[in-house]
Every structure is written in C-alpha cells, then in structure tokens.
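# Observations on chain architecture
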Amino acid sequence: MPDLPWLSRRWLAQYLAEGPARGVRTDSDGHWDHPGAAVWPGAVREQLRRLWERRHTVLAAAEATPRTVCHLDVWPSNLIEDGATTVLVDWSFTGEGGIGEDIANPIVDSVADGLMDTALLPDIAAAVTEEYIAGLRDGGWNGAPDTVRRAIAACGAAKHSWFAPLALGRVLRDGSFGHPQYGRDTSGESALQRLQGLVTLLADWARTVAR
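Residues numbered from 1 in each chain as written. Predicted model: local features only at pLDDT ≥ 70, side-chain atom pairs only at ≥ 80, totals over all residues. Heavy atoms only, no water.

## A few points about the overall build of the protein chain
The helix and strand inventory of the protein chain stands at 8 helices and 4 strands. Listing every helix and strand of the protein chain by position from the N terminus yields α-α-α-β-β-β-β-α-α-α-α-α. Its C-alpha atoms give the protein chain a radius of gyration of 17 Å, within 12% of the compact-globule value 17 Å for 211 residues. Seen through its principal axes, the protein chain has C-alpha atoms that stretch 50 × 40 × 30 Å. (Helix = DSSP H or I, 4+ residues; strand = E, 2+ residues; numbered from the N terminus. Rg over C-alpha atoms; globule rule 2.2 N^0.38 Å.)

## Let's talk about the environment of G19
Within the element layout of this structure, G19 appears in the loop between helix 1 (11-18) and helix 2 (42-53). For G19 and W162, which are 143 residues apart along the polypeptide, the C-alpha to C-alpha distance reads 9.6 Å.

## Thoughts on the nonpolar core
The biggest cluster of nonpolar side chains holds 58 residues, and the ones touching the most others in it are W40, L48, W162, F163, L198 and W205. Of all the elements in the fold, those that place two or more residues in this core are helix 1, helix 2, helix 3 (55-63), helix 4 (101-109), helix 5 (121-138), helix 6 (145-159), helix 7 (163-174) and helix 8 (188-210). Here this core gets 11 residues from one element, more than from any other, and that element is helix 8. Leaving out residues up to four positions away in the same chain, W40 has contacts with R45, L48, A164, L168, L192, L195, Q196 and V199. (Core = buried A, V, L, I, M, F, W, Y, C linked by side-chain atoms within 4.5 Å. Buried < 20%, exposed > 50% of the residue type's maximum accessible area, 1.4 Å probe, protein only. Contact = heavy atoms within 4.5 Å.)

## Points about unusual backbone geometry
Positive phi values are uncommon outside glycine, yet R10 reaches one of about 50 degrees. Considering the arrangement of structural elements, one finds R10 in the segment before helix 1. Although it is not a glycine, D90 sits at a positive phi angle of roughly 65 degrees.

## Regarding the packing of aromatic side chains
As enumerated under the stated definition, the model contains 3 aromatic pairs in all. Geometrically, the ring pair formed by W11 and Y15 is stacked, given 5.2 Å between the ring centres and 20 degrees between the ring planes. Of this pair, W11 and Y15 both sit in helix 1, 4 residues apart, roughly one helical turn. Exposure remark for W11: the relative accessible area of 11% places this residue in the buried category. When the ring of W11 is compared with that of F93, the centres are 5.3 Å apart and the planes differ by 40 degrees; the resulting orientation is tilted. (Phe/Tyr/Trp six-rings, centres within 6.5 Å; stacked < 30°, edge-to-face > 60°.)

## Some thoughts on the side chain of T129
Relative to the elements of secondary structure, T129 occurs in helix 5. The exposure class assigned to T129 is buried, which follows from its relative accessible area of 10%. With residues up to four places along the chain from it excluded, the contact list for T129 reads I103, I107, R149 and I152.

## Quick word on the side chain of H71
Here H71 shows up in the loop between strand 1 (67-70) and strand 2 (79-82). Engagement of the side chain of H71 in a polar contact is seen with the backbone nitrogen of D73, the distance being 3.0 Å. In this structure the side chain of H71 is engaged in a polar contact, spanning 2.8 Å, whose partner is the backbone oxygen of D90. Non-local contacts of H71, meaning those with residues more than four positions away in its chain, are made with N78, L88, V89, D90, W91, F93, T94 and D102. (Polar contact = N/O pair within 3.5 Å; in protein donor to acceptor, adjacent residues only side chain to side chain.)

## Section: the environment of A157
You can see A157 is positioned in helix 6. The buried category is assigned to A157, whose relative accessible area is 0%. With residues up to four places along the chain from it excluded, the contact list for A157 reads L51, V58, W205 and A206.

## So, the pattern of salt bridges
In a structure, side chains of opposite charge can pair up when their charged atoms sit close to one another. All chains considered together, the criterion is met by 9 salt bridges. The residue R49 makes a salt bridge to E46 at a minimum N-O spacing of 3.2 Å. A residue pair is termed a helical-turn pair when its members lie 3 or 4 positions apart in one helix, as R49 and E46 do in helix 2 at 3 residues. Given the relative accessible area of 32%, E46 is considered partly exposed. Taking the shortest distance from any N to any O, the salt bridge between D204 and R207 comes out at 2.7 Å. (Salt bridge = Lys/Arg side-chain N within 4 Å of Asp/Glu carboxyl O.)

Purely geometric stuff here, so don't read any function into it on its own.
Have a look at this one:
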C-alpha cells in the first residue's frame, strides 16, 4: 500500500456499519423459518443465518486477506464500454482493501437487483475470477490462485452478509425486492426464486471462510 493520506482505510468495515446492513430489522430471526422462505433450501438458509450472526468474524477474515489498492465500488454502472476497452469510473472510495475485494462486488451486483439474468451467475463468477487472477499474474503477483479465490469468498461474504436477511425480510413484509426498472420479478416469491442462485453462492462463500 502506498503511504498516501487520502486513501481510504477500512472501507468495508465502515460500509457494514453505515450501509444496507442497518436495514436488517431486529425481528429478522423469524424470517428464516417462515413458510415463504422455503423457496430457498434449508441448508442454504442455515448457512446464511450463520453468516449474518458471524458477520463480524467474517469481516475479520476479509480484513486479514493480502492488502492492495482497491476501487471499492466496482459494479456494472461504473463500467463503461469504450470501443475495445472498458473504463472504470467513480474512484471516490479508492483505498486499502483485500485482494479480490473489487472482484466479489460485480459478481453479486450484476444479478442482485435483476440487471442480468441469475442463470448467468456461474459463468460470471468463473470468468471474472479467472480473468482477475490472470490480471494479477500480468501485474507481477505470484501468489497461489486459491489465495485469491478464498479472498474473494471472504470479502464477498463479508460485504453481503446483510443481503439475504434484508431480501427475505422485504419479501415477507412488503412482497417485493429488486429494482423495479428491470422488471424481472412478478411477486415476492418470484424474487426469492430469482435470488436462489445468488444466495447459494453467498452461502458457499461463507462456508469457504468457515473452513
């Protein structure tokens, strides 16, 4: 990390303290066993419940990953195609982060609100991860690929530890979730069905961190 005073520090911890996690209501525990939640397999719901309960431990695991300079807000709206290249804009959060932290975010955000079809999630996750590892190699990094994959899992699980309880709570209370502009969900149940692949990925990431 360069010694520059304007680089952000511990951005992920600040995001979890001040961001969407605050929208998870204190009565969310009952949502996991609600009949409406049965769209998600029981083992996935249990892993997501533990992720939320252990979010501070998972954050510590994310912060223990190798440090690098990160953009910290990589998602589709900040990626602009320019001919044969892609321009990454909005560097206002730039600072210290974990290796792989920038890559976990677009994997989730590509499908979370319905921008892209969740059926594409396995291909998105695999392609983004492998190309990121290739980019690290091109940049002179010679660590083990599994170190990167574990870091992506830790950072992704930590940053999105709130996602499942928030989505489940909104659907069970309000009957909807997702960005209305994308129009992928016709009901709360269809929203949960659409998100099943994503929350399963988050559960898998959390399981990787717990090993």
